[in-house]
Amino acid sequence: MLLSLRLVFGVASASLTAALTLPSVGYTDLAVRATDDPLQDRRSCLSIRDVCDPSTISASDAANALNTHPACIALVVCDTPKYFFPDFPPNQPRLSRDAFNAVSKGSDVATQQQFIDFYYGTIASLNATIATYNQSIPIVSTPEYPSTADAVIAWWQTAVAWTGFCATSSIPYSNFADWIEYSTKAGVCPAVQSCNAAINAEAPICVPQRSTDNGSCAEIVDQCTIGSANATNVFNDNYCVLAAFCYSESTVDVLIEQLTKDDYLSTSPPLLSVNQPRLAQSVFNALSGGNSVVSQQNVIDAYYGALTNTVRSCGGPPGAETPCPSGSSGPYPTDVSYVTDFWATVSAWTAFCGTREIPYQNLADYLQYSSTVKAATSC
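What counts, and where the lines are drawn
Residues numbered from 1 in each chain as written. Predicted model: local features only at pLDDT ≥ 70, side-chain atom pairs only at ≥ 80, totals over all residues. Heavy atoms only, no water. Buried < 20%, exposed > 50% of the residue type's maximum accessible area, 1.4 Å probe, protein only. Helix = DSSP H or I, 4+ residues; strand = E, 2+ residues; numbered from the N terminus. Polar contact = N/O pair within 3.5 Å; in protein donor to acceptor, adjacent residues only side chain to side chain. Disulfide = S-S within 2.5 Å. Salt bridge = Lys/Arg side-chain N within 4 Å of Asp/Glu carboxyl O.

A. Main features of helix H12 (residues 238-246). For H12, the buried fraction is high: seven of the nine residues fall into the buried class. Taken residue by residue, H12 has Cys240, Val241, Leu242, Ala243, Ala244, Phe245 and Cys246 as its buried positions. Put simply, Asp237 is the residue that caps the front of H12, since its side-chain oxygen is 3.0 Å from the backbone nitrogen of Tyr239.

Put into structure tokens, the structure is as follows:
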């Protein structure tokens, strides 16, 4: 495995470029060196950041960090893409197969043990190079090993869970590259939140969203939670019905499960959509403006209206808060196409793509049955 290291030091701007062979470091050998320091794991990760940093590598390398510096691959895993990318120029190229091979040793998949070896090998190679280089310029701190390999496993398992390879803990190239590229994107959900079933069961529900959402759907759900506080009669609340629409990338049942989890007064299992009371006629009338159909423009007006002069909780237990004016509005979608897109999904399921005007019966059917009855989802 080869590691390219380029450091730029001080005013002299001296540079070192070296191709380093990562030593084969066994788990047992590493365990002997382990210490019981809970902060050591974080220091280990940050010590790689001292090398993989826009201020210590060339501008051209910084613009393509993961593909020019293998140490940056170790860093993006231990630091996660969320904290890695903000320090680098935007629009970083996708991880290349050649760069991935540094971890996988040329295989189509990277195993957990290969990443452990890669991470420790990265630290060892940096230590060896810096020790030699510091003979002339003694200003570079020595990268630190984590307290045990368990820390490295935990970092790797974050990528394993997101990509959905909990059974093997081995990740194919394309999935690993997807994790790096998309895991920080709003509305992109992991395969599972954690490979630990107990943790996964308690994790917040992730709902996929279109990029134009801008957090608006989450705000609608908050309005639903505060205003309705009744997960057993969801279709009797304007906000909750709008929330069901903006969950079109997921399902209405996922919304109900989330509302039930957020309702601490409820001790019963979620009352899923097929068993919920039918859409209230009063809610339909509010959406349609008293007409016999709900049009696309009706939904646009209702959605933006629901995000204007929002309410907040003025006290009370979760699931039974007292609503009062928040004094603010939004966040709104970045583009009205967000609303027209989710309404297109509803229109397709109800077979009203032509007009995108949906009568009561069909709209009520969507809310009650779309989670369990598969139909078209695109016009």
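B. Representation of the state of the cysteines in the model. Inspection of the entire model under this criterion finds eight disulfides. Disulfide partner of Cys52: Cys72, at an S-S distance of 1.9 Å. Its S-S torsion of about 110 degrees marks the bond between Cys52 and Cys72 as right-handed, since a negative value means left-handed. Here the residue Cys52 occupies a position in the loop between helix H2 (40-49) and helix H3 (59-62), and Cys72 occupies one in helix H5 (residues 70-84), the gap between them amounting to 20 residues.

C. Geometry of the pattern of salt bridges. The final tally for this structure, using the stated rule, is nine salt bridges. Among the ionic pairs, Arg42 bridges to Asp79, the shortest N-O distance being 3.0 Å. Within this pair, whereas Arg42 is found in helix H2, its partner Asp79 is found in helix H5, the two being separated by 37 residues in sequence. With relative accessibility at 39%, the residue Arg42 sits in the partly exposed group.

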